[in-house]
Amino acid sequence: MFNIQRKFDYEDEEQLLKGKELPKGAIRFKEGDTNFAVMRQGFILGLPIMIPMMAISIPRCSMFHRNLNADGRYILVMIVALLMVKELVCLHEYIHAFCYPKEAEKTIWRLRRKSAYFVYCDAELTKKQYIIQCLAPSVVLGIIPFLVWYKVVPFLAPEWAMWIMVMIWVMVFMSAGDFANAYNAMRQVPKGAVIFNHGMHTYWR
């Protein structure tokens, strides 16, 4: 329905490019030379979100930490939460995909060695659309759930309250690369330009 395919075992850029040449006039984002550099930049940019979130949620958890016991129920909840994180990681990429035009071909790939996923689509987006696409997963899986969690945490069992909090943190931390991409788009791309992917890099024209 949304033209989203799921493939496994990404190995090289040719799987993404399929022989397509870079459009004339394309300008590559000025970004880190390695994934680590991009993630480091995104992590720093995300600190204004992450630090307040942790500063608010940790005291909020103080109301139930004394009732938290590492028993069988706790272990079961922990296992369920960890399994849910794996699925949420994949959902993160689907949210990116939903932000692209419906008719555009979107592919979700898995980096087998890193047990990570990424979505690839070379459709052109406006600057505003691209920034929304970058930030959507952190809002849908991080910020909104955090606001809901903050309200309902007094009604949750202690083990669920803690692990849901941890899952929310993970979803926000996972968006570090997205924060870097959104920042680069805001700072580097002029109004009226379009942004698109070509292989593992992002360009505008």
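This write-up is about the structure you can find in this document. Quick caveat, the model's predicted, so the values are computed rather than measured.

So, the overall build of the protein
Across its full length, the protein holds six helices and seven strands. When the helices and strands of the protein are read in sequence order from the N terminus, they spell out β-α-β-α-α-β-β-β-α-α-α-β-β. Dimensions of the protein, computed from the C-alpha atoms along their principal axes, are close to 60 × 35 × 30 Å. Of the contacts made within the protein by residues no fewer than 6 positions apart, 78% connect residues no fewer than 24 positions apart. Carbon and sulfur atoms form 62% of the exposed surface of the protein, whose accessible area is close to 11900 Å². When the 24 positive and 17 negative side-chain charges of the protein are each reduced to one mean point, those points stand 7 Å apart.

Digging into the sheet that holds strand 5 (residues 125-126)
Judged by pairing direction, the sheet is antiparallel, and its four strands sit side by side in the order 2-7-6-5 without closing on themselves. The sheet is open, and its two borders are formed by strand 2 (27-28) and strand 5, each paired with just one other strand.

A look at the side chain of Asn197
Within the fold, Asn197 resides in strand 6 (residues 194-198). Relative accessible area serves as the criterion here: at 12%, Asn197 is assigned to the buried category. A polar side-chain atom of Asn197 sits 2.9 Å from the main-chain carbonyl oxygen of Cys121. Excluding residues that lie within four positions of it along the chain, Asn197 makes contacts with Tyr100, Tyr120, Cys121, Asp122 and Thr202.

Description of a negative patch on the surface
A surface patch of like charges, here negative, comprises Glu11, Asp12, Glu13 and Glu14. Inspection of the secondary structure assignment puts Glu11 in the loop between strand 1 (4-6) and helix 1 (14-17).

Side note on the nonpolar core
Grouped together as the largest cluster of nonpolar side chains are 29 residues, with contacts concentrated most on Met53, Trp149, Trp163, Met165 and Met171. With nine residues, the single largest contributor to this core is helix 5 (residues 158-173). Within the second largest apolar cluster, 15 residues are counted, among which are Cys121, Ile131, Cys134 and Ile195.

Definitions and limits used
Residues numbered from 1 in each chain as written. Predicted model: local features only at pLDDT ≥ 70, side-chain atom pairs only at ≥ 80, totals over all residues. Heavy atoms only, no water. Helix = DSSP H or I, 4+ residues; strand = E, 2+ residues; numbered from the N terminus. Contact = heavy atoms within 4.5 Å. Areas by Shrake-Rupley, 256 points an atom, 1.4 Å probe, with all protein chains shown as cover. Lys, Arg positive; Asp, Glu negative; His and termini not counted. Charge placed at Lys NZ, Arg CZ, Asp CG, Glu CD. Pairing = 2+ DSSP bridges. Buried < 20%, exposed > 50% of the residue type's maximum accessible area, 1.4 Å probe, protein only. Polar contact = N/O pair within 3.5 Å; in protein donor to acceptor, adjacent residues only side chain to side chain. Patch = residues over 30% accessible without salt bridge, like charges linked within 9 Å, V, L, I, M, F, W, Y side chains within 5 Å. Salt bridge = Lys/Arg side-chain N within 4 Å of Asp/Glu carboxyl O. Core = buried A, V, L, I, M, F, W, Y, C linked by side-chain atoms within 4.5 Å.

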